Every structure is written in C-alpha cells, then in structure tokens.
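Close look at the chain arrangement
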Amino acid sequence: MLEEHLKGNSIIHKLDPRIKLIYAFIFSLVIALQNDLGSVITGLAIGIGLVLLARIEIKEVLKRLLGVDWFILLLWLIIPLTYPGDTFFRISCFKITYQGILFTILLTIKANAIMLILVCFLATSSIFDIVHSMLHLRIPEKLVFLFFLMFRYIWVLSDEYEKMVKALKARSFKLGNSIHTYRTIGYIVGGLLVKSYNRAENLFRAMVCRGFNGKFWLLDHFKFSIIDIVGISLLTTLNLAIIIIKWKKIL
Amino acid sequence: MEKNPLIKLSSISFGYNGKPLLFDKLDFTVPEGSRIGLIGPNGCGKTTLFNIIMGFLRPQKGVIEIDGKRMEGEKDFQKARKIIGFLFQNSDDQLFCPSVREEVAFGPLNLRTPKPEVEKLVGEALEMVGLKGYEERAPYLLSEGEKKRLAIASVIVMKPKVLLLDEPTNGLDESGITMVFRILKEFGSTYVVISQDNDFLKKAVEIVYTFKNGRLEKINEY
C-alpha cells in the first residue's frame, strides 16, 4: 500500500522524509480539529493540490479514498439519524437532522482530505525512509519497530493467507452460510494467529542471533537541501491558511 | 592432535513440556574446522538441537560448552552467539530489515563495528552470495532462492567461528544448491548442516550423524 507511488521526480518525492512525516502529522491534526466547512474545504483543496503536485496516479488515489469512504458510508447511515437538531426530513419514525447531515459532510471532507495528505506524504517515501525518519525524530524505538514489523509481516501473513485460501479452493471449498464454513474460517484465523506467534518468536531469535540487544543502529542519515527549505515554507503557509480561514471566517 | 571443540554438549537430556524425552544423555562435539551433517526424520530433534546450542531452549540436564566456556545463563549465550552463526530453515523468519543492505549490516552494527567497515563487510558478503546490486531492494520482495542467499550473507557477515545451517538447500533449485555449496566452501570454517539432501551432504560434509534413541549416532564418513 505504502510503496506504490514511490517512483517519481516531483518536489514532494524529493522532500526530506522527516519533513513529510512531520507535515503529514501537522496537516492531519489541523484538519481534524476544524469544525467549519470553509476550513475543511480548504484542507481538501490543499490535499488535492498536493496530490497533483506529487503527480500520483489519480486512479490509485481514488482507490485509496474509496477504502476510507466505505467506512464513511456507515457514518452516513448512522449520524444523520442520531444527531440531535432541527428536522431536515422525516421517514416514518426516523428523523434526519440538518445538523446531522452537516456534521457528516464535515467528517467526510475531513477524512478524505487527511487521506489525500497521507497518500501524498507517506506513499512517496519508502517504508525504509519512513522508519528512519521516525527514528531520527526520536519516536520511541519500540514503537517504530512495532510499526515496521507490522508492515513487514502483513506481507508474510498475506502470503500465508493466500496459501491457505488456495489449499481450500484446491479441496473444493466454497463460502456459504453453514457451520462448516464458519468452522473453516475459524481454522484459518486461528492458523494465522498461531503462525504469526511462531513468526514473532523466530524473528526475535533471529535478531538475538545477530547481536540484537534492544538498540537499533542506523546506517544512513538524511541531509537538508534547498528543496526542503522551500517545502517547509510552502507547507507551513498552507497550514496557516487553514487556520486563518477558520479564524477570520473567510469562507 | 585432537582439535579444540568449538561446541561440546555433554549428557544433554531434553523434552518438551509434558512429552517424553527427545534427547537422553546426548553427547555432541563440534571440533574446530569440522564439517558435520545431521540427518533424520521430521520431529527427531534436529532443529531443537540447534536451538539448545543457541540457548533458545534450555535442557533439563547436561552441560553446554561453547569455545571452551561452560554456558550457565543468558549472558553466556549472548557472548556465544557472537561466534555462532545460525541460518534458519525459513528465510522469512530471519529477514526483517527494509533493505538488503540494512539486513546484512544489522549484525555488524549490533557488534558496534565502525560504519565504513560495515559498508565494506556488507559489500563483501553480498558479493560472496551473488547479490551485488540488490542493496536497496526490499528483502521480502526477493525470490525464495535470493532470500536464502541473503539470509546466508546476513549470517556470514558477522564472521562467526562456526555456522549452524538448518536445511540451507530447502526450496532451492540446482543452481541455488550449487551456490550454497560454493558459499560454504568459500566460508571454509566449521559448520554443522541439517539436510535431507544426501547428495548435498556428500559434497559438503565429512561426517553425518543421525538421531537414534535420543542420542546421536555416526552413520557416514566421507
């Protein structure tokens, strides 16, 4: 997921991964804290602008957004019906509120804007650079490597899962609404849990075998360039724009 | 003259919780410069033996000596692991770094080797296993054979005195097996190999042991 848009020559690709990580966090926080339509729309516009600047394939970005919007769809089914406020319209005994709809629109825009920012900043760095940036930014090592190993083992577990699914298909298994199906799915989930436990144990042994004693040593270090200074100025200005729009109630 | 044993297990008894003893007063000696093969059916305890040598499993009885020192606790094993390289059966269990270069550098960096020296060692190890030019690739995206070669590189880069190899040819094609054989020949030091591949063992080792009644028995000498 993270490494699909790695190749590229845009200004975003060239930015120091530490800056991208910091601004991914700042943008997400600033957008998440907004509660007026003007500033979240500005956030969304900035997200779209940054994605265009990074020259990431639009089709791939839309796929990522779709993943988020499936969850947002659930919110659309719940919040307008449960949020207190003035009646917008009524279906039988259900009341859809004007404030509920507004709040869900706000959430939808926020989620999409944050996703665009994350795709733009994180997908244009390798997992290797992200992990290094996190360590350079003094994020606790345990947390960083938990994140990295999670990413690393998603691949392994996904391979294991695919193997299991192939084995099931090879023996004519079909999903259905039966005890046999549920039991089989249980076996797969259980199998994956056991395998991930074994993998974790073996991985720790492999690390200990190679002298690991709790400290991760870095081989490379990042260097600031003129692009990074331009990037910091631009990204800070954009963040300020969101805050000023809310503060001055421009939109 | 009798060679100095790098690994010496004396009267080792071991059984997994609630199960009958897998090893009963097992003795095993790995003299310096020896090339030993271990063969046996699944579940006979080949990998368990390696885990005991590395200190991951503790025997109920017996004495473990590595490089002349008796192993008493985790601290002793931590020192012992610096002179023993352990290649796991499944490379996916062994590789975890984001790039090939980082993977090979992981061990030397833990040993606080200076960075220019680490770079040199990484280059040499990758050259030896034929992975030069793969430095920035992600280990988990390599083929099975390449993963195995990378796992070997990450072990030999630490210049261990003795190598424990658990099924090094497992899942490899003919050229991969030849490559492992060539690497072992170049490594030229002491090693113990678990393998079911008789042809490989004939070429790679001097003595082959198998497990019988919880002990090791010499079955072949080439």
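Residues numbered from 1 in each chain as written. Chains lettered and ligands numbered in written order. Predicted model: local features only at pLDDT ≥ 70, side-chain atom pairs only at ≥ 80, totals over all residues.

**Some thoughts on the packing of helix α4 (residues 58–82) of chain A against helix α5 (residues 98–122) of chain A**
Residue and element names in this part refer to chain A. Close contact between α4 and α5 brings their axes to 10 Å; oriented N to C, the two are set at 160 degrees. In terms of orientation, α4 and α5 fall into the roughly antiparallel class. Considering how the two elements wind past one another, α4 and α5 form a crossing that is right-handed. In this structure, α4 contributes Val61, Arg64, Leu65, Val68, Ile72, Leu75, Trp76, Ile79, Pro80 and Leu81 to the contact, and α5 contributes Gly100, Ile101, Phe103, Thr104, Leu107, Thr108, Ala111, Asn112, Met115, Leu116 and Val119. Residues that form the contact of α4 with α5 fall into these classes: 16 nonpolar, four polar and one charged. (Axes fitted to C-alpha atoms, helices over the stretch in contact; angles between N-to-C directions. Helix = DSSP H or I, 4+ residues; strand = E, 2+ residues; numbered from the N terminus. Parallel < 35°, antiparallel > 145°, perpendicular 65-115°, else oblique. Left-handed = near helix turned anticlockwise from the far one by under 90°. Contact = placed C-beta atoms within 7 Å. Nonpolar A, V, L, I, M, F, W, Y, C, P; charged D, E, K, R; others polar.)

**Details of the confidence of the model for chain B**
When pLDDT drops low, the exact placement of atoms in the prediction is not to be read closely. For chain B, per-residue confidence averages 89 on the pLDDT scale, and residues scoring 70 or more make up 99% of the total. The complex prediction reports pTM at 0.72, with the ipTM value standing at 0.76. (pLDDT = per-residue confidence, 0-100.)

**Section: the environment of Ala54(A)**
Within the secondary structure, Ala54(A) is located in helix α3 (residues 37–54). Here the alpha-carbon distance between Ala54(A) and Phe145(A), two residues 91 residues apart in the chain, equals 28 Å.

**Description of unusual backbone geometry**
Residue and element names in this part refer to chain B. In this model, Lys25 sits at a positive phi of 50 degrees, which is unusual for a non-glycine residue. Classification of Lys25 as partly exposed rests on a count of 14 C-beta atoms within 10 Å. Despite not being glycine, Asn213 shows a phi value in the positive range, around 50 degrees. Asn213 sits in the exposed class, given 9 other C-beta atoms within 10 Å. (Buried ≥ 20, exposed ≤ 12 C-beta atoms within 10 Å, placed from the backbone.)

**Structural notes on the nonpolar core**
With 71 residues, the main nonpolar core has Leu87(B), Ala125(B), Ala153(B), Leu164(B) and Val193(B) as its most contacted residues. Considering every element that reaches this core, the biggest residue donor is helix α6 (residues 144–156) of chain B, with six residues. Leu87(B) has contacts with Ala151(B), Ile152(B), Val155(B), Leu163(B), Leu164(B), Leu165(B), Asp166(B) and Pro168(B), leaving out every residue within four places of it along the chain. Counting residues in each nonpolar core, the second largest holds 33 residues, with Leu15(A), Leu21(A), Cys120(A) and Phe148(A) among its members. (Core = buried A, V, L, I, M, F, W, Y, C linked by C-beta atoms within 7 Å.)

**What to know about the sheet that holds strand β2 (residues 23–31) of chain B**
Residues and elements named next belong to chain B. Pairing in this open sheet of four strands is antiparallel, and the strands run β2-β1-β4-β5 from one edge to the other. Each having just a single partner strand, β2 and β5 (69–70) make up the two edges of the open sheet. Sheet topology note: the strand β1 (residues 5–14)/β2 ladder contains six bridges and is antiparallel. Bridge pairing in β2 links Leu9 to Phe28. (Pairing = 2+ DSSP bridges.)

**Brief notes about the interface of chain B and chain A**
Each partner contributes to the interface: chain B provides 24 residues, whereas chain A provides 22 residues. Mapped onto the side of chain B that touches chain A, the elements with two or more residues apiece are α3 (91–94), α4 (100–110) and α5 (115–128) of chain B. In terms of residue count, α4(B) provides more of the side of chain B that touches chain A than any other element does, six residues in total. Among the residues making up the side of chain B that touches chain A, the classes are represented as 13 nonpolar, five polar and six charged.

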